[in-house]
Amino acid sequence: MKQRSFKVRMYDMEVYKGKRGTTYTVRWSVDGKRRGESYKTRAALADSFRASLLTAANNGEPFDSETGRPVSHAAPAAEVSWYEFALQYVDMKWPRISANNRKSTARALTKVTLALLRAQLPERFDPVEVRTALREYAFNAGRREAAPPEVASVLSWVRRNSLPVQSLEDTQYVDRVMLALGTLLDGSPTAASSVNRDRRIMNVVVKYAIRQKVLQVNLLPKGRQEGAATKTAVAIDKRSLLSPDQVARLLSWIGGRPRTGYRLRAFFATLYYAGLRPEEAVALRVADATLPEAGWGELLAHAAEPEVGSQWTDDGEVHESRHLKGRAVGDTCPVPAHPALVVVLRELVESDGLGPGDLLFPGEKGGLLAGSVFRRVWGKAREAVLDEHEYASPVGKRVYDLRHTCLTTWLNNGVPPRLRSPHGRATASPSCCRPMPDVSPDSWPTSRSASRARRSCPPWSRRPIGRGRTSGSFREEQPSRAVRSRFQPDCRRRCQGPRPGLRRRYGIRANVP
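What this report covers is the structure whose coordinates are included nearby. Once a new chain begins, its residue numbering starts again from 1 and follows that chain's sequence as written. With pLDDT at 70 or above as the cut-off, local features in this predicted model cover only qualifying residues; side-chain atom pairs require 80 or more to be listed or tallied, and sums for whole chains, interfaces and linings still use all residues. In computing side-chain properties, one takes all heavy atoms of the structure into account and sets aside hydrogens as well as water.

### Quick look at the environment of Leu241
Secondary structure counts use DSSP, requiring at least four H or I residues in a row for a helix and at least two E residues in a row for a strand, with both numbered from the N terminus. Take Leu241: it is sitting in the loop between helix H7 (192-211) and helix H8 (244-255). Note: C-alpha distance between Leu241 and Asp401 (160 residues apart in sequence) is 6.3 Å. Setting aside its immediate chain neighbours within four residues, Leu241 contacts Ile236, Gln246, Val395, His404, Thr405 and Thr408. Contact criterion: two residues are considered in contact whenever any of their non-hydrogen atoms come within 4.5 Å of each other.

Here you go:
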């Protein structure tokens with residue numbers, strides 16, 4: 001807590017006349033410690049500042065022993081504790097951000113709050129319980145008032161021992177915060193992706209404090225400064241990609257499981273053949289799937305149902321209904337369905353007797369398919385099917401690796417990285433090629449193989465070239481001359497494979513003749 005004193009004494013103003021000009025120094029002392037403030041002009045600045053000090057002393061206002069200024073001169077951050085400001089920030093952001101963002105913000109603020117305490121946690125408090133109290137109650141606007149008595153006791157102690165926000169203008173405390181963001185409770189380092197996410201959140205918090213005039217500067221390290229954000233890998237790890245044989249064996253093992261094995265096999269096949277995110281596949285309805293008796297079909301992705309926990313959503317459901325990631329509200333994404341996927345989905349619809357409004361992949365007891373269920377089944381399938389060295393490697397370690405395998409296969413086989421829908425919006429991912437069995441660099445397209453790959457794609461996916469040319473339900477407008485080389489490259493450019501950004505992301509080299 002700031003030390004305040006009423007022992008204030010004023011002195012005569014000191015005048016120094018030098019070669020470069022005259023300076024006027026206001027002198028006073030607080031608790032016997034002399035203070036001074038120099039100005040270039042006397043009437044406008046020096047006398048005005050001295051008068052404000054005299055007014056504060058005559059009014060009986062306490063002075064801060066650390067800064068020597070009246071408490072009324074202190075910045076707002078000197079009076080606001082970090083804990084109180086963090087609560088205000090959470091209340092401001094809560095209705096504007098997604099449930100996943102709410103959870104990430106609570107985690108980051110929990111680490112910073114524990115780093116900005118005046119004293120160590122008492123022995124009667126378990127560090128894990130303190131973190132849980134801050135994350136699940138203090139920084140959760142929906143549950144804060146419902147905190148049980150033992151949690152309220154912990155939060156009361158944190159409130160009393162929280163440092164002021166002004167501590168973030170001291171490099172000593174900034175270093176302490178950076179160390180907390182990069183360290184787990186057991187002392188081991190945090191994953192680089194988690195550190196970068198928490199630091200982005202903290203930068204947003206500090207910028208908000210500056211806009212509210214609670215802080216004056218942002219001392220968080222940036223760029224190449226010591227303690228700046230850790231670099232993370234941009235390209236997909238090729239070791240995590242699955243071969244067609246591995247996928248076939250995994251899907252066969254999953255399909256042989258009792259009760260819902262056939263349903264989970266169709267779910268994982270959708271991720272592998274259509275490249276959907278798990279939360280997008282979970283939200284699919286039967287009416288969103290066009291499944292002909294033979295040939296290519298189509299899936300219309302229009303919503304996502306990420307699983308974040310009932311305590312973070314507005315309606316108390318485990319899943320949060322969201323629009324597609326990176327797209328506007330109400331936007332849709334048509335994705336071609338491989339003929340093999342069409343067969344699997346038709347069998348699923350017929351065996352379960354699903355109607356147009358039913359979920360395509362419901363849970364065992366109805367409702368949305370739980371992420372814990374398909375992740376647990378996927379882990380058991382890897383352990384049962386893969387060899388010991390493959391199971392210990394990153395290959396297919398996450399369910400999301402099925403999507404990465406799908407997109408990498410598309411790009412390796414010459415699929416145009418960006419197609420345009422009838423509304424002129426670019427699709428987020430390639431959406432037109434059937435996966436080929438060989439994904440090695442030798443299979444990258446040449447001028448002839450690229451033409452064969454285009455002809456092997458479903459009719460509506462072929463890229464139109466001329467003005468106003470239409471193929472099925474897709475239509476691309478003629479670009480201007482300035483951007484024509486970018487969106488409609490010549491044959492030589494198409495033969496080099498995907499554009500550089502996607503090549504870096506998926507680790508693909510250009511096949512330059």
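Back to the write-up after that little detour.
### A few points about the side chain of Ser98
The topology assignment puts Ser98 in the loop between helix H2 (82-93) and helix H3 (99-115). Residue burial is assigned from relative accessible area. The probe radius is 1.4 Å, only protein chains are included, and a residue is buried under 20% of its type maximum, exposed over 50%, and partly exposed in between. According to the relative accessible area criterion, Ser98 is buried, its value standing at 17%. Those residues in contact with Ser98 that sit more than four places away from it in its chain are Glu320 and Arg322.

### A word on the packing of helix H9 (residues 261-274) against helix H11 (residues 339-352)
The contact between H9 and H11 brings their axes to 10 Å, and the two run at 150°. By the angle class used here, H9 and H11 are roughly antiparallel. Note that H9 runs across H11; the crossing there is left-handed. Seen from H9, the contacting residues are Tyr262, Arg263, Arg265, Ala266, Ala269, Thr270, Tyr273 and Ala274; seen from H11, they are Ala340, Leu341, Val344, Leu345, Glu347, Leu348, Ser351 and Asp352. What counts as an axis is a line fitted to C-alpha atoms, over the stretch in contact for a helix, and the angles between N-to-C directions run from 0 to 180 degrees. Angles are sorted into four bins: roughly parallel if under 35 degrees, roughly antiparallel if over 145, roughly perpendicular if 65 to 115, and oblique for all others. For any helix crossing, the convention is left-handed if the near helix is rotated counterclockwise from the far helix by under a right angle, and right-handed if that rotation is clockwise.

### Points about the sheet that holds strand E8 (residues 297-301)
Strand pairing is assigned whenever DSSP detects at least two bridges linking the two strands. Ordered in space as E7-E8-E9, the three strands form an open sheet in which the pairing is antiparallel. Pairing within the sheet leaves two strands with one partner each, and these edge strands are strand E7 (289-290) and strand E9 (333-337). The pairing of E8 with E9 spans five bridges and is classified as antiparallel. Its bridge partner lying in E9, Leu299 is registered against Val335.

### What about H3?
Compared with the 24 Å implied by 1.5 Å per residue over 17 residues, the 25 Å span of H3 between its first and last C-alpha is a close match. Of all 17 residues in H3, 13 are buried, a share of seventy percent or more. For a helix, the expected span equals 1.5 Å multiplied by the residue count minus one.

### A few points about the pattern of salt bridges
Basic side-chain nitrogens of Lys or Arg form a salt bridge, by our definition, when they fall within 4 Å of a carboxyl oxygen of Asp or Glu. Enumeration according to the criterion identifies 19 salt bridges in this entry. Notably, a salt bridge pairs Glu136 with Arg143, separated by 3.4 Å at the nearest N-O pair. Owing to a relative accessible area of 26%, Arg143 belongs among the partly exposed residues under this scheme. A salt bridge links Arg277 to Glu280, with the shortest nitrogen-to-oxygen separation between them at 2.9 Å. Judged on exposure class, the residue Arg277 and its partner Glu280 are both buried. What emerges from the salt-bridge pattern is a single network uniting Glu14, Arg27 and Arg34.

### Looking at helix H5 (residues 149-160)
Helical geometry: 3.6 residues make up each α-helical turn, so side chains three or four residues apart lie on a common side. A rise of 1.5 Å per residue sets the reference length of H5, with its twelve residues, at 16 Å; its end C-alpha atoms lie 17 Å apart and thus fit the reference within 8%. Of the residues making up H5, those classed as buried are Val151, Val154, Leu155, Trp157 and Val158. Across the axial projection of H5, the buried residues extend over an arc of 155°, all falling on one side. Among the exposed residues of H5, those oriented more than 90 degrees off its buried face are Pro149 and Arg160. Tucked into the core, H5 has its buried residues touching H2, H3 and helix H4 (127-138). The directions considered for the arc run from the helix axis to the C-beta atoms.

This is a description of form; function is not addressed.
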